[in-house]
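# Report on the structure
One letter stands for each residue in the lines below.
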Amino acid sequence: MGRHSAEPLGIIPNDEIREIVEKYPNRFVSFAGIDVRISEAEMVAEINRCLAWPGFVGVSIEPGASNPPLKANDKKLYPIYEVCQTRDVPISVSLSNLLCVMVGVPIEFSSPEPLYDVARDFPKLDIVISHAAWPWIYESIGLSFACPNIYLSPDLYMVGLNMPGAREFIHAANSFLADRLLFGTAYPSRPLVESIQAFHKWEFGPGVKEKVMGKNALRVMRMDG
């Protein structure tokens, strides 16, 4: 994931990621990180620049962890959503209480509720809520129930840390969210091997684990064909 966020989160430049993807093309793909502080035209230009590179399959923004922070339905972000929908690539919107705390902004900017407007205004856009907007657990699950183009990636909040609410994501996957829950680790925040080991301790219905572990991600990144 590319990143353009306020300190101490900072920046992971798209050009550096490009070098890694080009060096290991059979191992990595990337989402282009977009700085939401720049102009709308500059944001769109950066998306188009990055999507021209092999291995770039989506777009990533962290609006609540920017400076100044933005809510996910801020109209400044709508050109990003529009170009992603037009080009048929998913967008990852990172939301969590922890991100807000780390950059020193009000925790209301971690709420997933503004994404309801986005999901309705861009019905053909696949939206991944990275970190699943923890601790707004029921809000994010309820949002995914209402909007079929919302995917949840709880990452470290679902694996290995015994976090409050983790089990609710599994319950959702075993009912209506089987096709839209995504495994993740938020590495390096959470080690890879330990995350996988912890994930396998959850109990899933037939075929659900395989979807969460990879099939859903391949589909949302248009890599399942």
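Everything below is about the structure printed above this text.
Given the structure is predicted, the values throughout are model-derived calculations rather than measurements.

## Digging into the side chain of S5
The topology assignment puts S5 in the loop between β1 (3–4) and β2 (11–12). Take S5: its relative accessible area is 6%, and that puts it in the buried class. Sequence-distant contacts of S5, defined by excluding residues within four places in its chain, comprise G10, E62 and A65.

## Focus: the sheet that holds strand β6 (residues 127–130)
Here we have five strands laid out as an open sheet, ordered β3-β4-β5-β6-β7, and parallel in their pairing. Of all the strands in the sheet, the pair left with one neighbour each is β3 (30–33) and β7 (150–153). When strand polarity is set aside, the average angle formed by the axes of neighbouring strands in this sheet is 30°. Pairing between β6 and β7: four bridges, direction parallel. Each residue of the ladder has a partner; that of I127, found in β7, is I150.

## A look at the packing of helix α2 (residues 40–51) against helix α3 (residues 78–87)
Where α2 contacts α3, the two axes come as close as 9 Å, and the packing angle between them is 30°. Taken together, the axis directions place α2 and α3 in an arrangement best described as roughly parallel. Seen along the crossing, α2 lies across α3 with a hand that is right-handed. Between α2, through E40, M43, V44, I47, N48 and L51, and α3, the contact on the second element is made entirely by P79, I80, V83 and R87. Grouping the constituent residues of the contact of α2 with α3 by class yields seven nonpolar, one polar and two charged.

## Things to note about the packing of helix α6 (residues 137–146) against helix α7 (residues 166–173)
Axis separation between α6 and α7 bottoms out at 10 Å; the angle between their running directions is 15°. The angle between α6 and α7 falls in the class roughly parallel. By crossing handedness, the relation of α6 to α7 is classed as right-handed. Contacts between α6 and α7 involve I137, Y138, S140 and I141 from the former and E168, F169 and A172 from the latter. Counted by class, the contact of α6 with α7 contains five nonpolar, one polar and one charged residues.

## Digging into the packing of aromatic side chains
Applying the stated criterion across every chain yields a total of nine aromatic pairs. Between Y24 and F28, the ring centres sit 6.2 Å apart and the planes meet at 80°, which makes this aromatic pair edge-to-face. Relative accessible area serves as the criterion here: at 40%, Y24 is assigned to the partly exposed category. For F28, a relative accessible area of 37% puts it in the partly exposed group. Each ring, one from F183 and one from F199, has its centre 5.1 Å from the other, and the planes form 70°; the classification is edge-to-face. Separated by 16 residues along the polypeptide, F183 in the loop between α7 and α8 (192–199) and F199 in helix α8 bring together distant segments of the chain. In this structure F199 comes out as buried when scored by relative accessible area, which is 0%. An aromatic cluster is defined as three or more aromatic residues linked by ring pairs; in this entry it consists of Y78, Y81 and F122. Its end group placed over the ring of Y78, K75 keeps NZ or CZ at 4.6 Å from the ring centre.

## Here we look at the pattern of salt bridges
Per the stated rule, a full pass over the model turns up nine salt bridges. Linking R49 and D15 is a salt bridge whose minimum nitrogen-to-oxygen distance equals 3.0 Å. Here the residue R49 occupies a position in helix α2, and D15 occupies one in helix α1 (residues 14–23), the gap between them amounting to 34 residues. On the accessibility criterion, D15 (38% relative accessible area) is partly exposed. For the salt bridge of K211 with D179, the shortest nitrogen-to-oxygen distance reads 2.9 Å. Taken together, the residues K211 in helix α9 (residues 208–220) and D179 in the loop between α7 and α8 connect sequence positions 32 residues apart. Classification of D179 by relative accessible area gives partly exposed; the value is 36%. The network of salt bridges with common partners includes D15, E46 and R49.

Reading the values: the criteria
Residues numbered from 1 in each chain as written. Predicted model: local features only at pLDDT ≥ 70, side-chain atom pairs only at ≥ 80, totals over all residues. Heavy atoms only, no water. Helix = DSSP H or I, 4+ residues; strand = E, 2+ residues; numbered from the N terminus. Buried < 20%, exposed > 50% of the residue type's maximum accessible area, 1.4 Å probe, protein only. Contact = heavy atoms within 4.5 Å. Pairing = 2+ DSSP bridges. Axes fitted to C-alpha atoms, helices over the stretch in contact; angles between N-to-C directions. Parallel < 35°, antiparallel > 145°, perpendicular 65-115°, else oblique. Left-handed = near helix turned anticlockwise from the far one by under 90°. Nonpolar A, V, L, I, M, F, W, Y, C, P; charged D, E, K, R; others polar. Phe/Tyr/Trp six-rings, centres within 6.5 Å; stacked < 30°, edge-to-face > 60°. Lys NZ or Arg CZ within 6 Å of the ring centre and 35° of its normal. Salt bridge = Lys/Arg side-chain N within 4 Å of Asp/Glu carboxyl O.

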